[in-house]
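Observations on the three-dimensional arrangement
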Amino acid sequence: MQIQTLAAHEKGAELKPFTLEVDSPEGYDCILKVLACGICHSDIHVIDNDWGNSRYPVVPGHEVVGEVVELGNQVKHLKAGDRVGVGWQGSACLQCRDCLRGDENLCDKNEGLIISGYGGFANYLRVDSRFAFPIPAGIKTEAAGPLLCGGVTVYSALRYAGMTSGQEIGVIGVGGLGHMAVQFASKLGNRVTVFTTSDDKAEFASKLGAHDAIVVPAGSSPPQLDRKFNILISTVPAALDWSAYIEYLDSDGTLTVVGVPEEPLSIPLWSLLTKRRRVMSSLIGGRAIITEMLDVAARFGIEPIIETFPLEQVNEAMDKVRSNKVRYRAVLTVS
Ligand code: NAP
Ligand code: ZN
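These remarks concern the structure in this document. (Residues numbered from 1 in each chain as written. Chains lettered and ligands numbered in written order. Predicted model: local features only at pLDDT ≥ 70, side-chain atom pairs only at ≥ 80, totals over all residues. Heavy atoms only, no water.)

Details of the packing of helix α4 (residues 141-160) against helix α9 (residues 287-300)
Describing two packed helices takes the angle between their axes plus the distance from one axis to the other. Where α4 contacts α9, the axes come no closer than 9 Å and their chain directions differ by 100°. The angle between the axes of α4 and α9 places the two elements in the roughly perpendicular class. Judged by residue contacts, L147, L148, G151, V152, Y155, S156, R159 and Y160 of α4 engage I289, I290, E292, M293, L294, V296 and A297 from α9. Of the residues contributing to the contact of α4 with α9, the split by class is 11 nonpolar, two polar and two charged. (Axes fitted to C-alpha atoms, helices over the stretch in contact; angles between N-to-C directions. Helix = DSSP H or I, 4+ residues; strand = E, 2+ residues; numbered from the N terminus. Parallel < 35°, antiparallel > 145°, perpendicular 65-115°, else oblique. Contact = heavy atoms within 4.5 Å. Nonpolar A, V, L, I, M, F, W, Y, C, P; charged D, E, K, R; others polar.)

Now the structure itself:
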């Protein structure tokens, strides 16, 4: 069958229509009719080849919600008509120690949907059904996609940083990922402070569940604070004054960095050592934690706040994401 996509043909390029020929699904593959697809900042990193592994033409889109329309003969857990979501990961070996532990995201053979194949800025998508997740009934189609990448990334990073409840948690950057981190942390019973460059986001933060919001202009250091945090999560795609944020951490506190700045992190060892603090990072989440995150989102009413754009207006939407004007996640809808 022919699939109509929108693709970047070179680094940083505008997206243009691009037709793909796709075979009928075999084995574990299935074909989805795309209903909606979020725009993650990682789509921009890949269009711009920031990580040096982009293959052009790039068809972005890894926060996909679709309806199953065709299945390979090995697919037993899905049927035609099911509503599923697909995130960053397109496949894994499913046999290594990481995969067997449920950490498929850590598999050496982990493949990014839009790195080794084509993503969801399209009318149809062929995917490995083992990385397609049924969407709980309570979650709206347009809002579900961003949970599959942004949502699980922050949920998993917070969990592996030790998030329980009753903790002080700081969220740095209130974009697509950050605004979901605020919701997960606060709805699960933590006190959340946001650090943002945007005045309007500071004003809105309490509606997301934050107890406090601190405006830190881009390129500036955060102010001195008396409060100590158990966990700080950075969702910012740029370098920050890491030393200042580490000083915010309580003893045994963790800074988890999921945003991807270009520069290496420069961190003074002394401020970690004296308080047994940790710095960690993590990549999306495996299948077990994606399933858990979807359950938690449905149960606690956690949904991204979205601005929708018809797929044809993709370049307008991308410009808005690049200029940090989206509140809080752009989602393309496909008719
Ligand atoms: P986004 O929607 O563009 O949000 C990023 C936010 O960071 C902005 O809204 C802004 O928040 C803040 N920000 C941007 N530039 C800044 C600067 N120069 N200084 C300070 N703050 C700045 O992006 P996203 O989709 O949430 O993605 C964020 C990052 O996470 C990207 O690097 C993306 O590639 C990465 N990511 C990682 C994973 C993973 O598995 N680790 C998964 C998905 C995405 P305020 O307006 O509040 O300041
Ligand atoms: Zn993403």
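Digging into the layout of surface pockets
By rolling a water-sized probe across the atoms, one finds the places where empty space is left. Of the pockets and cavities examined, the second largest pocket occupies roughly 290 Å³. Taken together, the elements giving at least two residues each to the lining of the second largest pocket come down to β1 (2-7), β2 (16-21), β6 (89-91), β7 (111-112), α3 (113-116) and β8 (124-128). The element that contributes the greatest number of residues to the lining of the second largest pocket is β8, accounting for five residues. Per-class residue counts for the lining of the second largest pocket are nine nonpolar, seven polar and five charged. (1 Å grid on protein atoms, 1.4 Å probe; cavity = no way out; pocket = protein on both sides within 12 Å on 5 of 7 lines; lining within 4 Å. Points joined across faces, edges and corners; volume = space filled by probe spheres on them.)

Some details on empty space enclosed by the protein
What the rule picks out here adds up to one cavity of 30 Å³ or more. Reported here for the largest cavity is a volume of approximately 70 Å³. Lining the largest cavity, in full, are G87, W88, Q89, F131, F133, L148, V152, I284, G285, G286, R287 and I290. Sorting the residues of the lining of the largest cavity by element identifies α4 and α9 as the ones contributing at least two each. Class assignment for the residues of the lining of the largest cavity results in seven nonpolar, four polar and one charged.

A look at the site of ligand 1
Close to ligand 1 lie 29 residues; T196, T197, S198, I284 and R329 are nearest. Contacts to ligand 1 include S282, whose backbone N or O atom sits 2.9 Å from a nitrogen atom. When ligand 1 is considered free in solution it has 920 Å² of accessible area, and contact with the protein chains removes 88% of it. With three residues, helix α1 (residues 41-47) is the largest single contributor of residues to the shell around ligand 1. For the shell around ligand 1, the residue count by class is 13 nonpolar, 14 polar and two charged. (Near = heavy atom within 4 Å. Polar contact = N/O pair within 3.5 Å; in protein donor to acceptor, adjacent residues only side chain to side chain. Areas by Shrake-Rupley, 256 points an atom, 1.4 Å probe, with all protein chains shown as cover.)

Thoughts on the coordination of the zinc ion (ligand 2)
Summarising the metal site, the zinc ion (ligand 2) is bound by the protein donors C40 (SG), H62 (NE2) and C149 (SG), whose distances to it range over 2.0 to 2.3 Å. Each donor residue of the zinc ion (ligand 2) belongs to the same chain, and together they define the spacing C-x21-H-x86-C. With C40 in the loop between β3 (29-38) and α1 and H62 in the loop between α1 and β4 (64-71), the pair connects residues that are 22 residues apart, well separated along the chain. Each member of the pair, C40 as well as H62, is classed as buried. (Donors = N, O, S within 2.8 Å, 3.2 Å for Na, K, Ca; no water. Buried < 20%, exposed > 50% of the residue type's maximum accessible area, 1.4 Å probe, protein only.)

A few points about the sheet that holds strand β10 (residues 168-172)
The strands making up a sheet are joined through hydrogen bonds of the backbone, oriented either antiparallel or parallel. The six strands are arranged β12-β11-β10-β13-β14-β15 in an open sheet whose pairing can be described as parallel. Edge positions in the sheet fall to β12 (212-215) and β15 (278-281), since each of these pairs with one other strand and no more. Adjacent strand axes in the sheet meet at a mean angle of 20° when their direction is disregarded. Bridging between strand β14 (residues 249-257) and β15 involves four bridges; their strand directions are parallel. Considered in β15, the bridge of L255 is made with V279. Each of β11 (191-196) and β12 touches helix α6 (residues 199-208); the most contacted strand, β12, lies at about 175° to it. (Pairing = 2+ DSSP bridges.)

Brief notes about unusual backbone geometry
One can expect most non-glycine residues to show negative phi and most peptide bonds to be in trans. Put simply, Y56 and P57 share a cis peptide bond, and its omega is 0°. Take P57: it is sitting in the loop between α1 and β4. Here the bond from R327 into Y328 is cis, since omega is -5°, no more than 30 degrees from zero. Mapped onto the fold, Y328 is located in the loop between α10 (314-322) and β17 (329-333).

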